[in-house]
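Spelled out, the chains give:
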Amino acid sequence: MILSAGLTPAWQQVVVFDAFRYGEVNRAREVHWIASGKVFNAAVAVHRLGGPVRALAPVGRGQSDQIDGDLSQLGLPFRFVLTRAPTRVCTTILDLGARKITELVENGRPLGNGELDRFQQCYAEEAGRAEVAIVIGSLPQGTPASYYRELVQCTPCPALLDFRGEGLLACLDLKPFLVKPNREELAQTMGRPLETDEELLRAMRSLNRRGAQWVLVTQGSGPAWITTKKAAWRAHPIPVRPEEIVNPIGCGDALTAGIACAIREGRELLDGVRLGLAAAHANLRQRLQCRFDASGVAALAETVCVEEQPF
């Protein structure tokens, strides 16, 4: 089983407009409400790829029935830690005419100490049964930066870490299997700009030296970089025409899901990157985050170019 765990889920509104005009009255063509945020996106993507998965997240009591209903309809196993604070609401605006996507993001609400303790207990139970654990998403306001370290300490299986900042740096001596920030997040974590590929690789290798077995950094539509202590690779996303892009939100989560599926199957990480980039490509074409058709993803993965780079 793959565990997807995180503290900042979302109850997501996806609103589709033929044309969206700022400062004016806009009538929606479609409105969808779905369980989202990185923790649920990654779990949904694993489920779409055919992997056994369980999602673990704190969910506000007021939205628990709605989120339960959505995940149950997908057939996705989950476990909630119910909280007094409501689950954040985020909104994706899809402007079909201009081919623009606007994301309105609410920060995660603070969680009480008892709720954080309960989540950690649930995580330890679920991680003990997992073959791969994804720890993903930002920390809610007021949560100690060391909180994710406490989770990783009780993770007996390979851990894929998809978050940034001081909390990520605090986990590195635990030798996580993979850390996966994007380029901007890595720059924020290191406290300096990473304007050239050489600066980027130096920062990635510093994470390897501090304990990360693998480091993967994404750059949106640009190449993804992968490093270990001894080698580096560059992986090229599958080309896509601008008119094919529907909603890029969740592509990074789909990538994480593909890697988790491959690792659970005993495959090499670079194979997981190929599968993840293919899943991200499929996600680009969907209106709803990570709810893609996975029927052609395995074949697409075979077309992903991964090049070893001079070290």
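Our structure is the block above this text.
These remarks concern the structure in this document. Worth saying up front: this structure is predicted, and the values here are computed from it rather than measured.

Attention now goes to the overall build of the protein. When its secondary structure is counted, the protein shows 10 helices and 14 strands. Taking 2.2 N^0.38 as the reference for a compact globule, 311 residues should give roughly 19 Å; the C-alpha atoms of the protein span a radius of gyration of 19 Å, in line with that estimate. The principal-axis extent of the C-alpha atoms belonging to the protein is close to 55 × 50 × 40 Å. When the 311 residues of the protein are sorted by exposure, 54% land in the buried category. In the protein, 66% of the contacts between residues at least 6 apart in sequence involve partners at least 24 apart.

Strand order across the open sheet formed by four strands is S3-S2-S6-S7, with mixed pairing between neighbours. Two strands in the sheet have a free side with no partner beyond their single neighbour: strand S3 (30-36) and strand S7 (100-104). The mean inter-strand angle of the sheet, taken between neighbouring strand axes irrespective of direction, is 20 degrees. Here strand S2 (residues 10-17) runs beside S3; their pairing, made up of seven bridges, is antiparallel. Paired with Trp11 across the two strands is Ala35, which belongs to S3. Across the sheet, helix H1 (residues 37-48) lies against S2 and S3, angled at about 90 degrees from S3, the strand it touches most. Packing of helix H2 (residues 64-74) onto the sheet brings it into contact with S2 and S3, and relative to S3 it is tilted by some 90 degrees.

It is worth spelling out the sheet that holds strand S12 (residues 222-227) at this point. With respect to topology, 10 strands assemble into an open sheet ordered S5-S4-S1-S8-S9-S10-S11-S12-S13-S14, the strand pairing being mixed. Sheet topology places strand S5 (78-83) and strand S14 (305-309) at the edges, where each strand pairs with a single neighbour. The pairing of strand S9 (residues 159-162) with strand S10 (residues 178-179) spans two bridges and is parallel. Looking at the pairing, Leu161 lines up with Val179 of S10. Sheet contacts for helix H9 (residues 269-284): S10, strand S11 (214-219), S12, strand S13 (232-236) and S14; angle to S13, the most-contacted strand, approximately 20 degrees.

Right, let's talk about H9 for a bit. The end-to-end C-alpha distance of H9, which contains 16 residues, comes to 22 Å, matching closely the 22 Å that a straight helix rising 1.5 Å per residue would cover. Burial analysis of H9 places 14 of its 16 residues in the buried class, which makes it a mostly covered element.

For Arg88, the location among the structural elements is in the loop between S5 and strand S6 (89-95). No salt bridge is formed by the buried Arg88. Its closest oppositely charged neighbour is Glu106, at 7.2 Å. Only 3.0 Å separates the side chain of Arg88 from the backbone oxygen of Glu106, close enough to count as a polar contact. Leaving out residues up to four positions away in the same chain, Arg88 has contacts with Thr8, Pro9, Ala10, Trp11, Gly37, Val105, Glu106, Asn107 and Gly108.

On to the packing of aromatic side chains, then. Within the structure shown, the criterion is met by seven aromatic pairs. Ring centres 4.6 Å apart and planes at 25 degrees place the aromatic pair Phe78 and Phe80 in the stacked group. Judged on exposure class, the residue Phe78 and its partner Phe80 are both buried.

Thresholds applied
- Counting restarts for each chain, with residues numbered from 1 along the sequence as it is written.
- Per-residue local features of the predicted model are confined to residues with pLDDT of at least 70, and side-chain atom pairs are confined, for both listing and counting, to 80 or more; whole-chain, interface and lining totals are unaffected and use all residues.
- Only hydrogens and water are removed before side-chain values are computed, so all heavy atoms of the structure are retained for them.
- We count a stretch as a helix when DSSP gives it H or I for four or more residues in a row; a strand needs E for two or more, and each element gets its number in order from the N terminus.
- With C-alpha atoms as the basis for the radius of gyration, the globule rule is written as 2.2 Å multiplied by the number of residues raised to the power 0.38.
- Only protein chains enter the accessibility calculation, which uses a 1.4 Å probe; a residue whose area is less than 20% of its type maximum is buried, one above 50% is exposed, and one in between is partly exposed.
- The contact criterion used throughout is that any non-hydrogen atoms of two residues lie within 4.5 Å.
- The criterion for strand pairing is that DSSP finds at least two bridges linking the strands in question.
- Where helices are involved, their axes are fitted lines through C-alpha atoms of the stretch in contact, as for all axes, and angles between N-to-C directions lie from 0 to 180°.
- For a helix, the expected span equals 1.5 Å multiplied by the number of residues minus one.
- Residues scored as charged are limited to Lys and Arg (positive) and Asp and Glu (negative), so that His and the chain ends carry no count.
- Basic side-chain nitrogens of Lys or Arg form a salt bridge, by our definition, when they fall within 4 Å of a carboxyl oxygen of Asp or Glu.
- Each polar contact in these results corresponds to two N or O atoms within 3.5 Å; when the atoms are within protein, one needs to be able to donate a hydrogen and the other to accept it, and residues that are neighboring in sequence are counted only if both atoms are side-chain atoms.
- A pair of Phe, Tyr and Trp rings is counted when the ring centres sit within 6.5 Å of each other, with Trp represented by its six-membered ring. The angle between the planes then sorts it: under 30 degrees is stacked, over 60 is edge-to-face, the rest tilted.

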